[in-house]
Amino acid sequence: MESKIENPKSKIPLPTPHVVLTAAILAAIGVSAFSDQIDPYYLDVAVGIGINIILAVSLNLVNGYTGQFSLGHAGFMSVGAYLSAAVTMLLGPKLLGETGGTAWQQGGLFFGALVAGGLSAAFAGLLVGMPSLRLKGDYLAIVTLGFGEIIRVVFQNCEPLGGALGLNGIPAYTTIFWVLAFAAVTIFTVYCLVHSTYGRGFLATHDDEIAAESVGLDTTRYKIVAFVVGAFFAGIAGGLYGHFKQTISANGFDFTKSIEIVVMVILGGMGNTLGVILAAVLLTLLPEVLRGFSDYRMIIYSLLLVVLMLVRPQGLFHFQRRRPTP
């Protein structure tokens, strides 16, 4: 009998992450086309959810997949927010002229400003990561916490960037399209990075740093790479936040903001991208749901977090798949 042997090159499967990314960007374009018909309140909440997803997923690369404990993510967010706002406010009038330019020109300027803010945050992450990521555990958390406070004080006393009064009059360039598109790019980048051959070094560093070093892995380099990538996307989120709120203040990127992002990662499950996304959505919606209990909102919010951590210490959305029995 003749056996038919299929040519493995006859069917080339498309990479699923790329297909999902393309579909997500197309969906973002579709949502943006009908954004005028969406209630401004719901649009504001949706933008907040997208920004928090970028922050939580990027921090999950450091805290979840690499096994470090950073408390300075809000500091990287502030660097991106201030630097991108400076680009659009200082260079925008010179590049676009008095007319303000076309929509495409404004979009190009905004994209360049976001990339500049992300790169500046990544550079700050590199400066902090190189000396501090040789530390572990609580020591690293203290160093990153100190960095976040240093950045906050620097921006608070920088008069060209508004000083203590903050930076006002930022152009309102952020739309639901930019937020959803960058959220999709962030998830795509972290997923592909973790599931790549190089990304296995992150998981090895997380599982057993000493064992990873014993087989020749430079764990410090992997931690720095994760730190820089996470800082880059935190800077992007800061730029989106600043150009949506149109005003930023150093006090908005304090220790409380860093803790809020860390809670999203812990609640979603360390190293669980889908769980972190769901936690970011939940913790953005929960304060809005409790707005009717304004006097007791923060008490209820904190109590729910305590109960969840006692009941589900591994994360609310961390579920182990059952292996099929042979």
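Since we're looking at a predicted model, the values are computed, not measured.

About the criteria used
- Residues numbered from 1 in each chain as written.
- Predicted model: local features only at pLDDT ≥ 70, side-chain atom pairs only at ≥ 80, totals over all residues.
- Heavy atoms only, no water.
- Helix = DSSP H or I, 4+ residues; strand = E, 2+ residues; numbered from the N terminus.
- Buried < 20%, exposed > 50% of the residue type's maximum accessible area, 1.4 Å probe, protein only.
- Contact = heavy atoms within 4.5 Å.
- Areas by Shrake-Rupley, 256 points an atom, 1.4 Å probe, with all protein chains shown as cover.
- Salt bridge = Lys/Arg side-chain N within 4 Å of Asp/Glu carboxyl O.
- Phe/Tyr/Trp six-rings, centres within 6.5 Å; stacked < 30°, edge-to-face > 60°.
- Lys NZ or Arg CZ within 6 Å of the ring centre and 35° of its normal.
- Core = buried A, V, L, I, M, F, W, Y, C linked by side-chain atoms within 4.5 Å.
- Axes fitted to C-alpha atoms, helices over the stretch in contact; angles between N-to-C directions.
- Left-handed = near helix turned anticlockwise from the far one by under 90°.
- pLDDT = per-residue confidence, 0-100.

A tally of regular secondary structure across the protein chain gives 12 helices and 2 strands. Going from N to C terminus, the protein chain has its helices and strands arranged as α-α-α-α-α-β-α-α-α-α-β-α-α-α. Classification of the 326 residues of the protein chain by burial places 43% in the buried group. For the protein chain, long-range pairs separated by at least 24 residues make up 81% of all intrachain contacts whose partners lie at least 6 apart in sequence. For the protein chain, the accessible surface area stands at approximately 17,700 Å², while carbon and sulfur atoms represent 67% of it.

On to the pattern of salt bridges. Oppositely charged side chains can pair when the atoms bearing their charge come close. Under the counting rule described, the total for this entry stands at 3 salt bridges. Between Lys245 and Asp44 there is a salt bridge, with its nearest N and O atoms 3.7 Å apart. Of this pair, Lys245 sits in helix 9 (residues 219–245) while Asp44 sits in helix 2 (residues 40–65), placing them 201 residues apart in sequence. Overall, the relative accessible area of 38% leaves Lys245 in the partly exposed class. The residue Glu260 makes a salt bridge to Lys257 at a minimum N-O spacing of 3.8 Å. Linking Glu260 with Lys257, this pair stays in helix 10 (residues 255–268), spanning 3 residues, or about one helical turn.

For Gly67, the location among the structural elements is in the loop between helix 2 and helix 3 (73–96). For the pair Gly67 and Met270, spaced 203 residues apart in sequence, the C-alpha to C-alpha distance is 8.5 Å. The contact partners of Gly67, leaving out residues within four places of it in the chain, are Val62 and His206.

Any two aromatic rings considered together are summarised by their centre-to-centre distance and by the angle between their planes. Counting across every chain of the model gives 15 aromatic pairs. Relative to Trp178, the ring of Phe177 has its centre 5.6 Å away and its plane inclined at 65 degrees; by these criteria the two rings are edge-to-face. Judged by relative accessible area, which is 22%, Phe177 ranks as partly exposed. For Trp178, a relative accessible area of 16% translates into the label buried. Above the plane of the ring of Tyr222 lies Arg221, whose end atom (NZ or CZ) is 5.3 Å from the centre.

A word on the nonpolar core. Counting 73 residues, the largest nonpolar core has Ile51, Phe76, Tyr82 and Leu240 as its most contacted members. Elements that contribute at least two residues to this core include exactly helix 2, helix 3, helix 4 (103–132), helix 5 (138–156), helix 6 (176–194), helix 9, helix 10 and helix 11 (273–289). Here this core gets 13 residues from one element, more than from any other, and that element is helix 2. Filtering out sequence-adjacent residues up to four positions away, Tyr82 remains in contact with Phe155, Leu161, Leu167, Ile248, Ser249, Ala250 and Phe253.

Attention now moves to the packing of helix 3 against helix 4. Interhelical geometry of helix 3 versus helix 4 gives an angle of 145 degrees and a closest axis separation of 8 Å. As helix 3 packs across helix 4, the resulting crossing turns out to be right-handed. Contacts from Phe76, Val79, Gly80, Leu83, Ser84, Val87, Thr88, Gly92, Leu95 and Leu96 in helix 3 reach Gln105, Gln106, Leu109, Ala113, Leu114, Ala116, Gly117, Ser120, Ala121, Ala124 and Gly125 in helix 4.

Time to look at the confidence of the model for the protein chain. Residues with a pLDDT of 70 or more make up 88% of the protein chain, whose mean pLDDT is 83. The secondary structure element of the protein chain with the lowest average pLDDT is helix 12 (residues 297–311), at 74, and the one with the highest is helix 6, at 93. Low pLDDT (under 50) marks residues 321–326, which in the prediction has 0 contacts with non-local residues, meaning those over four places away or in another chain.

Take Ala56: it is sitting in helix 2. Here Ala56 falls in the buried class, since its relative accessible area comes to 0%. Spatially, the C-alpha atom of Ala56 lies 5.8 Å from that of Ile261, the residues being 205 residues apart in sequence. Those residues within four positions of Ala56 in sequence are excluded, and the remaining contacts are Ile261, Met264, Val265, Val276 and Ala280.

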